[in-house]
Each structure stands twice: as C-alpha cells, then as structure tokens.
Amino acid sequence: PLVRRLVLGAHEADAAEMLGQLPPHVFDSVLQFLGADMPGGVLTELPDFLRERALEVLPATAVARALADLDSDDAAMLVDDLEEGKRETVLAAVPDVDRAVLQESLTFEEETAGRLMQREFVAAPEFWTVGQTIDHMRAAQEELPELFFEVYVVDPGFRPVGVVALAALLRSQHEVRLTDILRPVQALINPDMDQEEVAFLFSKYNLISAPVVDAGGRLKGMLTIDDIVDVIEAESKE
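Residues numbered from 1 in each chain as written. Predicted model: local features only at pLDDT ≥ 70, side-chain atom pairs only at ≥ 80, totals over all residues. Heavy atoms only, no water.

Moving on: the environment of Gln 103. Relative to the assigned elements, Gln 103 resides in helix H9 (residues 96–107). On a C-alpha basis, the gap between Gln 103 and Gln 173 in space is 41 Å, while along the polypeptide they are 70 residues apart. (Helix = DSSP H or I, 4+ residues; strand = E, 2+ residues; numbered from the N terminus.)

So this is what it looks like as structure tokens:
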C-alpha cells in the first residue's frame, strides 16, 4: 500500500514530517495500520506531542519492537514518554538485557546526563594497535553505535585514558599503537550531571562526543553532539 511505502521508504525525518501533516484521526489510523512495522527512528523524529500520541496508539508489542531499532539513548527517551501502565507492559516485552539498560536509564533524574547517555560505544585497551582496533570493530559491527566519532582508550580498570578520532585511526598504519595517536579526554561526564552543564562543556571545548563515567571513573557510556544538541539550542535561545 502507498502509505506503507511512503513511511517505510522515506528518510526517518521525512516520514515523521509527513505523519505530522496528517489530521489527528488519519494519523491514528496510519499508526494502527503500520503497527509493528513502525520504525523506531521515525518515532524519535516526531514532535513531542505527536510522539506521545503515537506511543498511546501503538500496541505495546509494536513499541517494544520499535525500541529494538534504536540505540539505548533514543530507546530510553521513548520509554520515558510512555504512560506508566503501558511502560510496564512494553518493558515486559523487551529482552532481559535491553530491559535492564532501559530501567537503569529511568533511575536517573530527569534533565541529567544519564537520561541522554548511550550505552553503545567503542573502547579499546591502551596496548592495542590501530589494526587490532579496526579488526575488532569489523567483527563487532552489529553492536556498534549508529553514530560515533571516537574510540575511547581505556586502562585495565576500564577508565578512559584518552580518545582516538576515527579520522586519526583511518589515517594511521595498522601497526601504530593507540597510545601514539590518542589525545587527552577534554571532559568526563558524570551520569548525574545536569544536562545544561553538559551542554556548557560541549560548547566550551567544541566537543563532538564525551565519555560518561561512574563514580570510580569507569567508562559507562557516551554522549554525542547529536544527543545534546537540543539542550545547546535551548541554552542559546535564553
């Protein structure tokens, strides 16, 4: 059918824009028609009020399937938008490992870095070479974040000791050690840090990503400019 081709065949932002132009009753009908085929990425592109409406209209099983399409930060955003009763039903339909990640996200206060944090990131031990790192990413490609810019170099305690930009990685010979091309971490983000403070650090240091660490300094996740851009834009308008 035409509707299915338009929504599933378009870029996620374009599909969300098309859905946003529909009258409310047609919007509901299209969501019900798509059901479990509704892409999670389209839901994240909808304006807040439409995303909340979509999550009301879609069956819990469809929402759970949509979450599987997303990185952990976007999935957590959708779960956070769910009405509490439906949230429990959706989480019950999510695989155990993913459910634990989403539930952990909800333990952080609203407007903190923990609510935006991606659990998917690329880390490599400091004794690895460029070749080992590239081979690892190729082998684990299904687990890579949808969007990332840097590899975090970690010590034996899984604490970040530096970052290697993907551009530097690709320009280096395979036998080059990561410690020879890493640069210092400009900012370490705590999950409890206020999102406005995170936005300030991204602006101050012109960051495109930053590692998120726990109280012991161990790498727990990352934030990218894509995660924090809305906060930065809101700050600039004040």
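Moving on to helix H5 (residues 48–57). Helical periodicity: at 3.6 residues per turn, an α-helix aligns residues three or four positions apart in one direction. Residues of H5 that are buried: Leu 50, Arg 51, Ala 54, Leu 55 and Val 57. Relative to the axis of H5, the buried residues are bounded by an arc of 160° and lie together on one face. Away from the buried face of H5 by more than 90 degrees, exposed residues Phe 49 and Glu 56 are located. (Buried < 20%, exposed > 50% of the residue type's maximum accessible area, 1.4 Å probe, protein only. Arc of directions from axis to C-beta.)

Positive phi is not limited to glycine here, since Phe 158 has a value of about 65°. For Phe 158, the location among the structural elements is in the loop between strand S2 (150–154) and strand S3 (160–165). Unusually for a residue other than glycine, Asn 206 sits at a positive phi of about 55°. Take Asn 206: it is sitting in the loop between helix H13 (195–205) and strand S4 (209–213).

By size, the foremost hydrophobic cluster in this structure holds 33 residues, and its most contacted members are Leu 19, Met 38, Leu 43, Leu 46, Leu 67, Val 90 and Leu 102. By residue number, the principal contributor to this core is helix H6 (residues 60–67), which donates 6 residues. Residues contacting Leu 102, with those up to four places away along its chain left out, are Leu 67, Ser 72, Ala 75, Ala 76, Val 79, Leu 91 and Val 94. One finds Val 122, Val 130, Val 163 and Met 222 within the second-largest nonpolar core, a separate group that totals 19 residues. (Core = buried A, V, L, I, M, F, W, Y, C linked by side-chain atoms within 4.5 Å. Contact = heavy atoms within 4.5 Å.)

So, about helix H3 (residues 24–34). Of all the positions in H3, only Phe 27, Asp 28, Val 30, Leu 31 and Leu 34 are classed as buried. The buried residues of H3 occupy an angular sector of 165° when the element is viewed end-on, so they sit on one face. Exposed side chains of H3 directed beyond 90 degrees from the buried face belong to His 25 and Gln 32. The secondary structure elements touched by the buried residues of H3 are helix H1 (2–9), helix H2 (12–20) and H5. Positive phi appears at Gly 35, one or two residues downstream of H3, with a value of about 55°.

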